[in-house]
Amino acid sequence: MARILLAEDDHSLRGFLTRALERAGHEVIDCENGDDAIDALQAGTFDLLLTDIVMPGADGIEVARVASGLYPGMKIMFISGFAAVALTAAQASPQAKVLAKPVHLRDLVDEVDKMIAA
């Protein structure tokens, strides 16, 4: 079981992702924007950051920078519906995994499990 910080501005998608990850046995703290995610990072520790890239407030790349600064070993996974933005994220955080939206919930859970196990 991992403690996951999820940052996703789409309310419905955030709910689906949270429920899928919790059903897989993970503890999920979810945030609706990047600023709230940064606050959560400063308040507690996490095994994995799962973040949308394009969000109100701080974007996912900024959230990942803060996460890496606070917890250098934290695993990071980006999800994005924008190919060009996903490429930028991959360049900014080469150790991170980037998944394209739409993402099947089972595939997301499998990728999260692989990252946690690595």
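Anyway, here's the lowdown on the structure attached to this text. (Residues numbered from 1 in each chain as written. Predicted model: local features only at pLDDT ≥ 70, side-chain atom pairs only at ≥ 80, totals over all residues. Heavy atoms only, no water.)

## Let's talk about the pattern of salt bridges
Formally: The rule for a salt bridge is simple: a side-chain nitrogen of Lys or Arg has to be within 4 Å of a carboxyl oxygen of Asp or Glu. A run of H or I in DSSP counts as a helix once it spans at least four residues, and a run of E counts as a strand once it spans at least two, with each numbered from the N terminus. Burial classification: accessible surface area is computed with a 1.4 Å probe over protein chains only, and a residue below 20% of its type maximum counts as buried, one above 50% as exposed, and the rest as partly exposed.
The tally for this structure, following the rule as stated, stands at seven salt bridges. Salt-bridge contacts for R3 lead to E27; the nearest nitrogen and oxygen are separated by 3.2 Å. Taken as a pair, R3 in strand β1 (residues 3-7) and E27 in strand β2 (residues 27-31) lie far apart in primary sequence, 24 residues in all. Overall, the relative accessible area of 26% leaves R3 in the partly exposed class. On the basis of relative accessible area, E27 is assigned to the partly exposed category, the value being 31%. Residue K114 is joined to E111 by a salt bridge in which the shortest nitrogen-to-oxygen separation is 3.6 Å. Highlighted residues: K114 and E111, both in helix α5 (residues 105-117), separated by three residues, approximately one helical turn. In this structure, a network of salt bridges that share partners links the residues E8, D52 and K101.

## Digging into the pairing of strand β3 (residues 48-52)
On any regular strand, side chains alternate: one points to one face of the sheet, the next to the other face. Stated formally: In short, DSSP must find at least two bridges between two strands for them to pair.
By the criterion of burial, β3 is predominantly enclosed, with five of the five residues buried. Residue alternation in β3 divides its side chains into two sets, L48, L50 and D52 and L49 and T51, and both sets are buried. When β3 meets strand β4 (residues 75-80), the two strands line up parallel, connected through five bridges. Bridging from a neighbouring strand, D52 pairs with I79 of β4.

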